[in-house]
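Spelled out from the first residue to the last, the chains are:
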Amino acid sequence: MSLTSDPPIDKTTSATTAGGAVDYGALKVVPVRHPWRWAAIVATAVLLAQFAHGFITNTGWEWGVFADYFTADVILKAVWTTLQLTFYGTALGFALGIVLAFMRLSASRFLQAVAFGYIWAFRSIPLIVQLLFWFNLAYLYKELQFGIPFGPGFLSFDTMGLVGAMSAAVLGLALHQAAYAAEIVRGGVLAVDSGQLEAAAALGIPRLRQIRRIVLPQAMRSILPNAANEVISLFKGTSIVSVMAIGELFYQVQVIYGRNGRVVPLLMVATVWYVLLTSALSVLQHYVERHFSKGTTR
């Protein structure tokens, strides 16, 4: 019995040459059959077809109502509010996250402890609790003062007027996002070979330029996939600010179906908008990753 994967050779055929050697070019190649694979494909295709048929023909989806509200002015304004929350939360969160990441990488034990404590606290407290805390900040502090520490203040602001619902939402999302962004950035920086910095220091390149021109461009290849996941999660997570009565997408959908009782088509309006915008963010992620992957081979 042959222990190789070669097909059995029929020596009575004309596949042998005059010297008795096998002419593999004359052998008939029979493809391997996979009956169970084809059975799985057929079964899956039937299930998908049934789902699509029910999705289209089931009157409970109320596609007419969906079409009426999908591009309604109130929905478009809610989508814009959701995008604003995502943008400001991401920009401020990653700006603070970069600072926290380098604090954790600092040689100072004090800075390391402060950054670790911040990350530990904001990853431990649920986001909804953080949002409600910032929304009720005026209950704890009637005004904010700027001046000499532990001394007289020179400038004061009324907290009630300074921190509204939108400001509290942005603040809560950004501070929450910063804790996760810090760990993502720190992991990307640690992925860069330390020899890069040693070589840059030997060439006399300033420390700040080493980070900006050598470390971060290489770290971005490790940072971007995780950062994109966080941005998409934040985009979908903005729905949690509905507890603060902010007119983002999910809140407006809730308000509308609370009035007309069309729950399913209104939820589909929100779902399709989330899918479309998440897909757009994924496409943007692809091009940004391709930009920072120039010169690499896989």
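Every chain is numbered on its own, with residues counted from 1 as its sequence reads. For this predicted model, a pLDDT threshold of at least 70 governs which residues receive local features, and a threshold of 80 or more governs which side-chain atom pairs are given and counted, while totals over whole chains, interfaces and linings are taken from all residues. The side-chain figures draw on all heavy atoms in the structure; neither hydrogens nor water molecules are used.

**Digging into the overall build of the chain**
Helical segments are the DSSP runs of H or I of at least four residues, strand segments are the runs of E of at least two, and each set is numbered from the N terminus. Counting its regular elements, the chain contains twelve helices and two strands. When the helices and strands of the chain are read in sequence order from the N terminus, they spell out α-α-α-α-α-α-β-β-α-α-α-α-α-α. Relative accessibility under 20% of the residue-type maximum defines a buried residue, over 50% an exposed one, and the middle range a partly exposed one, all with a 1.4 Å probe and only protein chains included. Taking all 298 residues of the chain together, 29% fall into the buried category. Contact criterion: two residues are considered in contact whenever any of their non-hydrogen atoms come within 4.5 Å of each other. By sequence separation, contacts in the chain at least 24 residues apart represent 69% of the contacts at least 6 residues apart. The protein chains shown are the only cover counted for residues, whose accessible areas, like all others here, come from Shrake-Rupley with a 1.4 Å probe. Here the chain displays about 19400 Å² of accessible surface, and carbon together with sulfur accounts for 65% of that area.

**What to know about the packing of helix α3 (residues 73-104) against helix α10 (residues 207-237)**
Across the interface, α3 lies against α10 with an axial gap of 12 Å and an inter-helix angle of 140°. Here α3 lies oblique to α10, going by the angle between them. In this structure, the crossing between α3 and α10 has a hand that is right-handed. Facing T82, L83, T86, G89, T90, F94 and F102 of α3, the residues of α10 in contact are I211, L216, A227, V231, L234 and F235. In this count, Pro and Cys sit with the nonpolar residues alongside Ala, Val, Leu, Ile, Met, Phe, Trp and Tyr, while Asp, Glu, Lys and Arg are called charged and the others, Gly among them, polar. When grouped by side-chain class, the residues that make up the contact of α3 with α10 number nine nonpolar, four polar and no charged. Helix axes are fitted only over the stretch in contact, all axes being lines through C-alpha atoms; the angle between N-to-C directions runs from 0 to 180 degrees. Orientation labels follow simple angle bins: below 35 degrees gives roughly parallel, above 145 gives roughly antiparallel, 65 to 115 gives roughly perpendicular, and whatever is left gives oblique. Two helices that cross are described as forming a left-handed crossing if the nearer one is turned anticlockwise from the farther one by less than a right angle, and a right-handed crossing if clockwise.

**Some points on the nonpolar core**
For our purposes a nonpolar core is just a set of buried Ala, Val, Leu, Ile, Met, Phe, Trp, Tyr and Cys residues, chained together by side-chain atoms within 4.5 Å. Ranked by size, the top nonpolar core spans 24 residues in total, and within it L100, Y118, L173 and V241 carry the most contacts. Counting only elements with at least two residues in this core, the list comes to α3, α4 (109-124), α5 (127-135) and α8 (165-190). If you tally residues by element for this core, the top one is α8, at eight residues. The residues contacting L173, other than those within four sequence positions of it, are L85, L127, L131, L234, T238 and V241. Core analysis: the second largest hydrophobic core is formed by 19 residues, F70, A72, V253 and M268 among them.

**Details of the environment of W134**
Structurally, W134 can be placed in helix α5. A residue is classified by how much of its surface remains accessible, and W134, at 17% relative accessible area, is buried. Through-space distance from the C-alpha of W134 to that of G172 is 6.6 Å; in sequence the pair is 38 residues apart. Each residue touching W134, except ones within four places of it in the same chain, is listed here: V163, A168, L171, G172 and L175.

**Comments concerning the packing of aromatic side chains**
Two rings belonging to Phe, Tyr or Trp (six-membered ring only in the last case) form a pair when the distance between their centres is within 6.5 Å. Interplanar angles under 30 degrees mark stacking, angles over 60 mark edge-to-face geometry, and anything in between is tilted. One pass over the structure, following the stated rule, counts eleven aromatic pairs. Where F133 meets W134, the ring centres are 5.1 Å apart and the plane angle is 75°; that geometry is what we call edge-to-face. A centroid spacing of 5.5 Å and a plane angle of 75° characterise the contact between F235 and Y274, whose relative ring orientation is edge-to-face. On the criterion of sequence distance, the pair formed by F235 in helix α10 and Y274 in helix α12 (residues 263-292) is long-range, its members being 39 residues apart. Residue F235 shares its accessibility class with Y274, and that shared class is buried.

**Some details on the confidence of the model for the chain**
For the chain, mean pLDDT is 83; residues scoring 70 or higher make up 87% of the total. Ranking the elements of the chain by mean pLDDT puts helix α7 (residues 159-162) last with 68 and α4 first with 94. Along the chain, pLDDT gives the predictor's confidence residue by residue, from 0 to 100.

**As for the packing of α3 against α4**
Close contact between α3 and α4 brings their axes to 7 Å; oriented N to C, the two are set at 135°. Taken together, the axes of α3 and α4 lie oblique to each other. The interaxial crossing formed by α3 with α4 has left-handed handedness. Side by side, α3 and α4 meet where L96, L100, M103 and R104 of the first sit next to L111, Q112, V114, A115, F116, Y118 and I119 of the second. Residues of the contact of α3 with α4, tallied by class, amount to nine nonpolar, one polar and one charged.

**Comments concerning the pattern of salt bridges**
Here, a salt bridge means any side-chain nitrogen of Lys or Arg that lies within 4 Å of a carboxyl oxygen of Asp or Glu. According to the stated counting rule, one finds three salt bridges in the structure shown. The partner of R262 in a salt bridge is E62, and the shortest N-O contact between them spans 2.9 Å. Here R262, found in the loop between α11 (249-260) and α12, pairs with E62, found in the loop between α1 (35-57) and α2 (63-70); they are 200 residues apart in sequence, far enough to count as distant. On the basis of relative accessible area, R262 is assigned to the partly exposed category, the value being 35%.

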